[in-house]
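Coordinate analysis (summary)
The lines below spell out each chain.
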Amino acid sequence: MTETQVLVSGGTLRRLNDPAPVGRSRGRLTIGRTLGYIALIIAAVGLLAPFFWMIMSSLKNANEVFSVPVVWVPETFVWQNYIDIWTKSDMLVWIRNTLFLAVSVTFLQVLTGSFAAYGFARMKFAGRDILFLVYIGTIAVPWQSYMIPQFILLSNLKVSNTLWSIILLQAFGAFGVFLMKQYYETIPEELSEAARLDGLSEYGIWRRIMLPLSVPAIASLTLLTFVNTWNDYLGPLIYLRNPDLWTIQLGLKSFVSNLFDTNYALLFAGLTISVVPIAIIFLLGQKYFVEGIATSGLKG
Amino acid sequence: MNRKILAAGSIAAVAALALAGCSGGTDAGESADPDAPITLTLSGWSIDTTPEFQTLADAFTKDHPNVTIELKEYDAAEYNTLVTADLAAGSGPDIITQKEVKYVTTFQEGGQLLDVSDVALPDGISGTGSYEVDGAAYAVPYRQDSWVLFYNKALFDAAGVDQPDGSWTWDDYADAAEALTTDASKGAYLHRWQSTVQGFANAQTGTSVLDGDFGNMKDYYDNTLALQDAGYQVDFNTSTANQLTYQGEFGTQKAAMMLMGTWYTASLIAQQASGEANDFEWGIAPAPQLDAKTAGTDNTPVTFGDPTGFGINANIDSAKVDAAKQFLEFAASEDAAQALAAIGITPALTNDAVVESYFAVEGAPTDDLSKFAWSTHEVVPENTTSSKTATIQGILADLHTGVMSGSTSVDDAIKTAEDRVKNEVG
Amino acid sequence: MTTTEAPRRDAAPPQTKLPRRRSALRRRNALIGWSFILPNFLGFGFLTLLPVLILFYMAFTNWNVFGKADWVGFANFQRLLGDGSFHIAFWNTIYYSVMHIPLTIIVSLGLALLLNNKLRGVAFFRTAAFFPYITSIVAIAVVWNLLFSPDYGPINEVLRAIGISEPPGWLTSSEWAMPAVVVVSTWRDMGYYMILFLAGLQTVPRELHEAARVDGANVWQRFVNVTIPSLRPTMFFVTVILTINSFKIFDLILVMTDGGPGQSTLVLSQFIYKKGFEESQFGYASSAAVALFFLCILVTIGQFLWNKKRSA
């Protein structure tokens, strides 16, 4: 892509995102910046307060969780809840299952989704738009309503009550295709055109151009799919009946409750443990959302 | 366009095939050797904390050593959804535990239950009516809980209030609640379920919810709201916001009285033994009555409750049918009743021997009134067996939350519910 | 691809001149296009599309889930039209969506814009924004029920402290229950959509911003004239997904209010679930699902057309 071509096509090139210009007041705390930070901190408090209460409640005795008035910090910290979760429950089995499911589903979703999205975004063929609308259409149907026919189908395939059922269910969703397609549409056609002129096949274009340029979308799809699979409750409830197949959400629910009662302190302890891996992944993966990796043009 | 029609047609064909392939259960055909080993699957919930299934299974296999009963555990809260899904996919259990009466007609009309009218039932067993559809029985009751009044004897003595004597009406109950309320504890605790008010309203006035006329509930709701407003019982909204548990409220002596089902005695005994509940003397009394006609120990108090029963999967292996029916007959028998009573479950068959077993458990109350309350009562089914029941109960649940949360007046809520029944059930 | 000459010739060809090459090209495109889509479509078609089509078929029957499904034509739909609860669920869903969608877009876009930089500590704030989404829904319901408690909850305590003597009943009042649910739902979703917007913001060309700044445009003008147009595909995606998710809302309401008090927070997904799994009228529930589907599709098509018009 020559300079001329850029000028002529008014091309929207991608550039490495420079850090936001700090302006003339770099290094000095202006009133605006301080106010901004304060506003952010208040917002963060609002966002995290319920979660904070949940963590604190996990350190209370079961019958102290719901007290009137609301107790934000318990007087004595009951660490026993955490010990109980690790020693008395099958937490490790649940974590293993959940991890396996989350990783497989995410990998398949991102792979097949981005692959299919290229077909929708870049290839023109008859029925493409209608098929895409069909894809989106299925998102518009609530899962509980077709849960039973789906269950019957998977049972006939003999995969219900195995981990494969969840993988099959979640890995081929329309959401990933939709997300990646939208993102691909922001990548200028000129890049692919030039690559085609250079003799690259469509598959090569997908691999060498689209994928590297859509890292933020891939990162967000990965994260969101991972979280959804990690926290999924109803799907595993219906399909994973054997206790050794249970995911964290399933296992916790049955561990902390019997027919009439739920030990909320214990439940919260388990849920806090369950949130940690996702928080770590998010913290580590943040840079992929905000650092655009782009080329300034192809060689030549 | 043709391609699309072809596509649609083939999809329909695949769909039909996929759904048709869903009927499960092979057919053995020939009559099997009565002593051949047989495995029956039985659906249960919270198996670790609900010992009744294992108890019945063990007691049965002792007399029938060639039969193994395999318990299939289901999530307690979503039991019906999961059993339905399994039955639809052809992988349901051989013996289907009927956890709630309002789903019996669904299974029966869906052809999932075998006719078990030929299973012999002992005289005096209660709850059989709930499993009869068009004159045929489709399940057998093994357990019949009913609603009684739990009361904390220690708190009564401390407040100087006379303990229940079995002759209470609702006015007596309200008076006691007022006298028992102190700073530390309320007179009564009423749990959030619609049963706590509507069960009594229907059973004691002899009203069937299927008629769609709910005027009988007005007095009951007015009384309950009065107790709530006066502060003699925790109000509904606080109970919801704080997820109060009835075991917690009564067990830690935050309330002196509580209307609850007889299943609570087993939990309370266990919790007192483990220390989760306080150590205090308690008893059960008959539920307060509408008027003096049914009150008192020489009358039969009216209360409500639903049985729990076992049905047989209509798609069961024909070689297993006899064994399954034998299990049902056993579950309703006196032997099973004794076994259940010994672990604190209220069986469907209660005679003197069973009463003794039940109250012989360590930690159970020993006074005569408790025995009377548990064994002598007219138990009106809470859910009439009909295909309309589930819908109507749903409408009534909305009535309950509307009234108890204070967001709708009793009259408005009743009128709305009646209109909805006409509109949605017809 | 053919030589550089071919494009020019194809620019305005009469049909008769290069029919074979053109249809060969079309066929090749179709083949390649399908080869991309196929892996995903195989799984999707069988596991999602097929059950959905079965569902649509069942809407015209009196399916009882155990195999009996006699054709009843439009009877279910006629019943829906006259069903009071369906109307309530329908309007509650619209009410919820109309409040939730704009609020969420504004908040999550605002968060994304605010946090799309490398200032110190911004990673922490981004994580904070995302936390509500990764917390279990059971925990969320329990916590917010407590916070919204009319007599003892902190929210009403604060309201009373600033002078509102009769704060709303929130989840216990039929007027305030839905707004309370919208607050919790937005709180939960803003991190999710913030992520999508963040990814989209990476496509906004830096040099256009620079050029605009050099030309003297202020922050707002740059936002309107540079950021928003570049965000269009992302904005479209977020709006469609957010709209569909709002119409379909189920889990949160189920655990927070279960449709109550009364029916004040009953939404369509819940109506479908109740009719199906609590009242065992699966055919009728399917017809309600079809109705929900058409509601979503009509709005989505509207958004598609709007988007096409804008990008034309």
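None of these values were measured; they are calculated from a predicted model.

**Some details on the overall build of chain C**
In terms of helices and strands, chain C carries 14 helices and zero strands. Traced from its N-terminal end to its C-terminal end, chain C shows the element sequence α-α-α-α-α-α-α-α-α-α-α-α-α-α. Taken over C-alpha atoms, the radius of gyration comes to 25 Å for chain C, far larger than the 20 Å a tight globule of 312 residues would show. Reported as C-alpha extents along the three principal axes, the dimensions of chain C are approximately 80 × 65 × 30 Å. Burial status across chain C gives 50% buried among its 312 residues. Residue pairs in contact within chain C that sit at least 24 positions apart in sequence constitute 68% of those at least 6 positions apart.

**Some points on the nonpolar core**
The biggest cluster of nonpolar side chains holds 295 residues, and the ones touching the most others in it are Phe-150 and Met-257 of chain B together with Ala-288 of chain C. It is helix α8 (residues 177-201) of chain C that provides the largest number of residues to this core, a total of 16 residues. Sequence-distant contacts of Met-257 of chain B, defined by excluding residues within four places in its chain, comprise Leu-149, Phe-150, Tyr-151, Ala-176, Ala-177, Leu-180, Gly-187 and Ala-188 of chain B.

**Some thoughts on the domain arrangement of chain B**
Residue and element names in this part refer to chain B. When its domains are assigned, chain B resolves into domain 1 (33-145 + 305-349) and domain 2 (147-303 + 379-425). Just the C-alpha atoms count here: the centres of domain 1 and domain 2 sit 29 Å apart. In this complex, domain 1 contributes 17 residues to the contact, which on the side of domain 2 involves 18 residues. The element best represented in the side of domain 1 that touches domain 2 is helix α4 (residues 104-109), accounting for three residues. Each residue belonging to the side of domain 1 that touches domain 2 can be placed in one class, and the counts come to five nonpolar, eight polar and four charged.

**Quick word on the sheet that holds strand β8 (residues 186-189) of chain B**
Residues and elements named next belong to chain B. What the four strands build is an open sheet, ordered β8-β9-β7-β10; its pairing is mixed. Single-partner strands in this sheet number two, and they are β8 and β10 (282-285). For this sheet the average axis-to-axis angle between neighbouring strands, irrespective of direction, equals 20°. Helix-sheet contacts for helix α6 (residues 170-180) involve β8 and β9 (255-261), and the interaxial angle to β8 is about 130°.

Reading guide: rules and limits
- Residues numbered from 1 in each chain as written.
- Chains lettered and ligands numbered in written order.
- Predicted model: local features only at pLDDT ≥ 70, side-chain atom pairs only at ≥ 80, totals over all residues.
- Helix = DSSP H or I, 4+ residues; strand = E, 2+ residues; numbered from the N terminus.
- Rg over C-alpha atoms; globule rule 2.2 N^0.38 Å.
- Buried ≥ 20, exposed ≤ 12 C-beta atoms within 10 Å, placed from the backbone.
- Contact = placed C-beta atoms within 7 Å.
- Core = buried A, V, L, I, M, F, W, Y, C linked by C-beta atoms within 7 Å.
- Domains from an automatic or database assignment.
- Nonpolar A, V, L, I, M, F, W, Y, C, P; charged D, E, K, R; others polar.
- Pairing = 2+ DSSP bridges.
- Axes fitted to C-alpha atoms, helices over the stretch in contact; angles between N-to-C directions.

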